[in-house]
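Summary of the model geometry
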Amino acid sequence: MAVWEALVELADDHLVLGHRVSEWCGHAPMLEEDLAMPNMALDVIGTARTLYTRAGELEGKGRDEDAIAYLRNEREYRNCLLVERPNEDFAHTMLRQLYFAAFMKAFWDAALSSADDVVRGVAGKAGKEMAYHIRHAGEWVIRLGDGTEQSARRMRDAVEALSIYVDELFDSSDAAQAAEAAGVLPKRSEMRAAFDKVIGDVFSEALLELPAVPYGQRGGRSGQHGEGLGHMLAEMQSLHRAHPGAAW
Amino acid sequence: MYSQGLIGADGRTTESEEFLARFQARIDAEEKIEPTDAMPEGYRRTLVRQIGQHAHSEIVGMLPEGNWITRAPSLRRKAALLAKVQDEGGHGLYLYCAAETLGVSREEMTEELLTGKAKYSSIFNYPTLSWADIGIIGWLVDGAAIMNQIPLCRCSYGPYARAMIRVCKEESFHQRQGYELCMSLAFGTPEQKAMVQDALNRWWWPSIMMFGPHDADSQHSDQSMAWKIKRFSNDELRQKFIDATVPQAEYLGLTLPDPDLKWNEEKGGYDHGPIDWSEFWRVVKGQGPMARDRIKARKKAWDEGAWVREAALAHAEKRRARKMAAE
């Protein structure tokens, strides 16, 4: 497995999450969130674009960001399962964002010493973005967890539904291990303490229990996704694929 | 869109002649009217209506463009569209704040939008059927909006005028971005060119209707002109828009769907064919093809978000109580 494939995994995480978050645009609970959602989507899609481009360069077969994003099917996507989970409601969406950002903040901080110039550059920018995603999503998890009876119930449901996808974040695929050995990406397993600290602090203020996860679901890194991803990609790629070779 | 914001506006006012004369003198001296200044009730009411409708248009306008975010054909276009739709939401927020300086709350205005009491620009009641619609909206709809809004930067009401300066800068960027998108299609494959021609055919007439009825049929305009809420007539702005747009379409190699469109040497502008005002009034009165869907989508977002807003308030109240108890 090659380093560029590890960058595609990372880029897939960001693009798929960005797609999910962008689905809220114009449909959020309040105008401020109608502005915040596209902002967060733009951050992660921006990161995905740089990583796809870099992956294409390292691969050396002339694929650009769009060739990698639009011309692979769901079995070829390598994102973790967490990011493809459907929006469900605002509680699910904010918790998904918090879990992802809590992991990625630690990851990007560690990637500041990457052997790859582009990854280092992304790390500097994305680390700052993840810090505010933690703040934004974390504040919502607290408000909802310690809000009304209904919001607390929805928040607990979200924790129940999404926590089984957390462990996969800390796994390194063969490609990721190659990138780690080359000093391009940090070891994913080393992010646990920082992640637990962020989540522990938010959950304690949100009056949420850290769940016991009997079995962490895995499979995204080997293309074993949930059923929703195929629908997402069908939508995302439909126009691009309908006009092979066209420039946009 | 502002000319539509004045449709049905009630500028009647009951203040004394002396008060109105003093107010008019300030307007004539190009002084800005600020929120704490005395103003005729008709002036205030006209502005609340116009700024509110403008804000609603920005918010509802997020929907037709948002329809293509998940299908944008390249990541660059996806990012640009997300940023654009976010800008529109930002304009909405900005404008609601400007309207709030006149003593009406965002909640009241939202309520009026959702119950159909307040209107928004008729243009957003048309569907976005292809990717080319995103380019055409930027080029024509934002282009028409700019024609309307540049003069609003000099509107007599200070907060609205200042809001418009920023809004116009962003709209101008959107317009160029939309035109650039249309270029990519017009100079692309035959299928892409057909796509953008089809979009132009559908959006042209609704776009030129955005300027509102002909001057001869435009009620309430005189008072708005005198108060310098409005600075140019509907027909003047429409003419400027058409004159600017025709050469842009020619450059793209696209045909505007008006067989009567021709250069008039004498007036130094283009003549256009008759506008189907029955369609305009039908759409303004709520019978546009997407009218029900647009309000339904806004209402769904509002209703389904109620528990989130309630939770935020409940949490803030708990925090306040805990802080009080600790002091």
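These remarks concern the structure in this document. The shown structure was predicted, so the numbers you read here are calculated from the model rather than taken from an experiment.

**Structural notes on the overall build of chain B**
For chain B, the helix and strand inventory stands at 14 helices and 2 strands. Computed over the C-alpha atoms, the radius of gyration of chain B is 21 Å, within 12% of the 20 Å expected from 2.2 N^0.38 for a compact globule of 327 residues. For chain B, the spread of C-alpha atoms along the three principal axes comes to 70 × 50 × 30 Å. A buried classification covers 57% of the 327 residues belonging to chain B. Long-range pairs, those at least 24 residues apart, make up 80% of the contacts in chain B between residues at least 6 apart in sequence. With the model as given, the accessible surface of chain B reaches about 14,000 Å², and the carbon-plus-sulfur share is 55%. Placing the 43 positive and 46 negative side-chain charges of chain B at their respective mean positions leaves the two points 6 Å apart.

**Some thoughts on the interface of chain A and chain B**
Between chain A and chain B, the residue contacts involve 48 residues of the former and 48 residues of the latter. Regarding the contact of chain A and chain B, the summed buried area is about 3,900 Å², with carbon and sulfur atoms giving 66% of it. Across the chain A-chain B interface, the total number found is 5 salt bridges. Between Asp146 of chain A and Arg322 of chain B there is a salt bridge; the shortest N-O distance is 2.9 Å. At the surface where chain A touches chain B, the tally comes to 17 residue pairs in polar contact (both at pLDDT 80 or more). Elements represented by at least two residues in the side of chain A that touches chain B include exactly helix 1 (3-22), helix 2 (31-59), helix 3 (65-70), helix 5 (90-110), helix 6 (117-145), helix 7 (149-162) and helix 10 (228-242) of chain A. Here the side of chain A that touches chain B takes 11 residues from helix 2 of chain A, the largest share from any one element. Among the residues forming the side of chain A that touches chain B, the class breakdown is 24 nonpolar, 12 polar and 12 charged.

**What about the packing of aromatic side chains?**
Describing an aromatic ring pair means giving the distance of the ring centres and the angle of the ring planes. The tally for this structure, following the rule as stated, stands at 19 aromatic pairs over all chains. Note on Phe170 of chain A and Phe195 of chain A: the rings are 5.3 Å apart at their centroids and 85 degrees apart in plane angle, and the pair reads as edge-to-face. Separated by 25 residues along the polypeptide, Phe170 of chain A in the loop between helix 7 and helix 8 (174-181) and Phe195 of chain A in helix 9 (residues 192-206) bring together distant segments of the chain. Residue class for Phe170 of chain A comes out buried when judged on its relative accessible area of 8%. On the basis of relative accessible area, Phe195 of chain A is assigned to the buried category, the value being 3%. Plain terms: the ring middles of Phe211 of chain B and Phe241 of chain B are 5.3 Å apart, the flat faces sit at 45 degrees to each other, and that makes the pair tilted.

**Quick look at helix 5 of chain A**
Counted at 1.5 Å a residue, the expected span for helix 5 of chain A with its 21 residues is 30 Å, and the 30 Å between its end C-alpha atoms agrees. Its side-chain oxygen placed 3.0 Å from the backbone nitrogen of Ala91 of chain A, Asp89 of chain A serves as the N-cap of helix 5 of chain A.

**Some remarks on the environment of Ala79 of chain B**
For Ala79 of chain B, the location among the structural elements is in helix 5 (residues 75-100). Taking the C-alpha atoms as reference points, Ala79 of chain B and Ile69 of chain B, separated by 10 residues in sequence, lie 8.5 Å from one another. Ignoring sequence-local partners within four residues, the contact set of Ala79 of chain B consists of Leu42 and Arg49 of chain A.

About the thresholds
- Residues numbered from 1 in each chain as written.
- Chains lettered and ligands numbered in written order.
- Predicted model: local features only at pLDDT ≥ 70, side-chain atom pairs only at ≥ 80, totals over all residues.
- Heavy atoms only, no water.
- Helix = DSSP H or I, 4+ residues; strand = E, 2+ residues; numbered from the N terminus.
- Rg over C-alpha atoms; globule rule 2.2 N^0.38 Å.
- Buried < 20%, exposed > 50% of the residue type's maximum accessible area, 1.4 Å probe, protein only.
- Contact = heavy atoms within 4.5 Å.
- Areas by Shrake-Rupley, 256 points an atom, 1.4 Å probe, with all protein chains shown as cover.
- Lys, Arg positive; Asp, Glu negative; His and termini not counted.
- Charge placed at Lys NZ, Arg CZ, Asp CG, Glu CD.
- Buried area = accessible area lost by both parts, 1.4 Å probe.
- Salt bridge = Lys/Arg side-chain N within 4 Å of Asp/Glu carboxyl O.
- Polar contact = N/O pair within 3.5 Å; in protein donor to acceptor, adjacent residues only side chain to side chain.
- Nonpolar A, V, L, I, M, F, W, Y, C, P; charged D, E, K, R; others polar.
- Phe/Tyr/Trp six-rings, centres within 6.5 Å; stacked < 30°, edge-to-face > 60°.
- Expected span 1.5 Å × (residues − 1).

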